[in-house]
Structure formats: structure tokens, C-alpha cells
Amino acid sequence: MIGNSIIKLSGVDIFQQKHLVLSNVNLHVDKGDFVWLIGQTGSGKSSLLKVIYGDLKITTGEGHAGGYDLKAIADKDIPFLRRKLGIVFQDFQLLTDRTVEQNLEFVMKATGWKDKKLISERTLDVLEKVGLRSKIKKMPHELSGGEQQRVVIARALINDPEIILADEPTGNLDPDTSEEIVMLLKQISMNSNTAVLIATHDYHIIRAFPSRIVKCENGQVIEDGKAV
Ligand SMILES: Nc1ncnc2c1ncn2[C@@H]1O[C@H](COP(=O)(O)OP(=O)(O)OP(=O)(O)O)[C@@H](O)[C@H]1O
């Protein structure tokens, strides 16, 4: 990866099965960038994110994310790519039968953390970042939607990601809570130099946090009115 670039797609075609969803995508995202990803339903936002987290393979052009070559990446290396990414999706996907602490421990153990002391320190550390240290022993159903989403963000922060990908992270939240969640993601992008990409339909939240906008439209990725 050259310079500050953390995601770089050049001349990439994105397919779902045989259907070409986005063609000739040229997207560059630098460390610390905060990017809104917009577009109508079915326009390809999730497909674009899937390419970045290695869930959709590419065969044309060049693609890099977090130092991995997305065209050449072997299946066995995809978990290592994912460790460089924090993934925050709309349906919170916390394990409902475990406490906040156990949810975080589960991901740490799955990503190679072994030392109990380091695990408990990191748990406190990420919960502190999202303002939820006091909720460490709570079950997900004892938390509000916004608090659950903060736990998901804490979970995404565990391995110090270089990129956070969020797909409709405010989809289940009221406007005030949505603003809090986006504020938190914005702070993370500024303080940790983490690139944050948020796919959303929520124009209220985009207006509240004006930033770079990338749009999926008519099979292309467009920025400032032009195909990128
Ligand atoms: N697993 C799949 N198999 C086949 N086609 C798919 C698959 N997933 C998505 N598609 C198709 O690819 C296109 C892009 O879908 P995608 O989910 O990327 O859009 P989106 O912009 O994220 O939409 P939304 O805002 O509704 O989430 C759509 O035409 C969709 O029907």
C-alpha cells in the first residue's frame, strides 16, 4: 500500500453471481478518512463493502485493503484481513446468551488472544472508548439499542482496526442515538487515524455530519458527480 492509502480499488468490476453490480470502480480511501457510502437499495453498497472485507472475490482490476491484495488473497488469509477491519452491521449480532464482557472475550479468543490479563485489560479499554465500562456484566437484552451498538463498536475496536466498515449502523436507532453513534465513529476516525466507511440511507445523519460522499448509482461508483 502506497502512502496513506488504506483501501484502493482500481478498475474493479463487482459481480453478484453473474450479475455485474458495479463496473470499473476506482475508489481510494486514506487512513483516517470518514466516508459516507450512499445509493438506492440494490445499488451495490453492501457488495462494495463485501469486496473490501473479502467476502466477494474480484477478478478484474486491482484491489487492496489493509495491505492485502484482494484479487490474490487466499481463503486462509481472509481471517487476517478481517482482523485489520472492524465490522459494524445493522442487526447488532451480539451473542444474546452472553454478557458484554463474554461477547468481547469470545471475539478475542477467536482472533488469537490467550493471556487472561491482557484480555481483561483490552475489554476494559474498548468499553472505556465507547463509554460503557459500567455495563460490562450486563446481558445484551439489558441494554438499549444504542448501547448494544456501542458494544458492537467496542467489539470492532478490539484488534485496533485500520478500517471500520459499517453497513446501516443506525438503521435500528432513533435520531438522537444515531447521532451519538456516528459521533463516536467520527471520534474514532480522528483519534485513531482509522478509515471509516458507512453505508447508509439516513440523509438526516449525513446532513448532521457532512463528510466525503461516495455514491453507488447506475452500476457505477460516483463522487462529486463524476464516476471515480
Ligand atoms: N448473494 C447474492 N446473490 C445474488 N445477487 C445478489 C446477492 N446479494 C446481492 N445481490 C444483488 O446485487 C445487487 C446489489 O446488492 P447490494 O446488497 O450490494 O445493494 P445495496 O446497495 O447494499 O442495497 P441495500 O441498500 O438494500 O442494502 C442487487 O441487485 C442485489 O439483488
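Parameters and conventions
Residues numbered from 1 in each chain as written. Predicted model: local features only at pLDDT ≥ 70, side-chain atom pairs only at ≥ 80, totals over all residues. Helix = DSSP H or I, 4+ residues; strand = E, 2+ residues; numbered from the N terminus. Rg over C-alpha atoms; globule rule 2.2 N^0.38 Å. Buried ≥ 20, exposed ≤ 12 C-beta atoms within 10 Å, placed from the backbone. Contact = placed C-beta atoms within 7 Å. Near = placed C-beta within 6 Å. Nonpolar A, V, L, I, M, F, W, Y, C, P; charged D, E, K, R; others polar. Pairing = 2+ DSSP bridges. Expected span 1.5 Å × (residues − 1). Core = buried A, V, L, I, M, F, W, Y, C linked by C-beta atoms within 7 Å.

Another point: the overall build of the protein. The number of helices and strands found in the protein is 7 helices and 11 strands. For the protein, the C-alpha radius of gyration of 17 Å lies close to 17 Å, the compact-globule estimate for 228 residues. Dimensions of the protein, computed from C-alpha atoms along their principal axes, come out at roughly 45 × 40 × 35 Å. With 228 residues in all, the protein has 36% of them scored as buried. The contacts in the protein between residues at least 6 apart in sequence include a share of 68% that link residues at least 24 apart.

Close contacts around the ligand come from 13 residues, with Gln 16, Thr 41, Lys 45, Ser 46 and Ser 47 the closest. Of all the elements, helix α1 (residues 45-52) adds the most residues to the shell around the ligand, at 3 residues. Here the shell around the ligand is composed, by residue class, of 2 nonpolar, 10 polar and 1 charged.

For strand β3 (residues 34-38) and strand β9 (residues 212-217), the ladder comprises 4 bridges, and the chain directions are parallel. Counterpart to Leu 37 in the pairing with β9 is Val 214. Where β9 meets strand β10 (residues 220-223), 3 bridges bridge the pair, whose relative direction is antiparallel. Counted as the bridge partner of Lys 215 is Ile 222 from β10.

With that out of the way, let us pick up helix α5 (residues 145-157). End to end, α5 covers 19 Å across 13 residues, agreeing with the expected 18 Å (1.5 Å per residue, within 8%). Here α5 lies mainly inside the structure; 10 of its 13 residues are buried. On its buried face, α5 sits against β6 (85-89), α3 (100-110), α4 (116-129), β7 (163-167) and α6 (175-192).

Our next topic: the nonpolar core. Formed by 53 residues in total, the largest nonpolar core has its most connected members in Ile 7, Leu 48, Ile 164 and Leu 197. In terms of residues, this core owes the most to one element, α5, which gives 6 residues. Among residues more than four places away in sequence, those in contact with Leu 48 are Ile 14, Leu 22, Leu 37, Cys 216 and Val 221.

Let's shift gears to the environment of Arg 155. Considering the arrangement of structural elements, one finds Arg 155 in helix α5. Given 24 C-beta atoms within 10 Å, Arg 155 falls into the buried group. For the pair formed by Arg 155 and Leu 124, sequence separation is 31 residues and the distance between their alpha carbons is 11 Å. If near-sequence neighbours (up to four positions away) are discounted, Arg 155 is found in contact with Asn 103, Leu 104 and Val 107.

Our focus in this paragraph is the environment of Asp 13. Mapped onto the fold, Asp 13 is located in strand β1 (residues 5-16). Owing to 15 C-beta atoms within 10 Å, Asp 13 belongs among the partly exposed residues under this scheme. Sequence-wise, Asp 13 and Ile 58 are 45 residues apart; in three dimensions their C-alpha atoms are separated by 7.0 Å. Each residue touching Asp 13, except ones within four places of it in the same chain, is listed here: Leu 20, Ser 23, Asn 24, Thr 60 and Gly 61.

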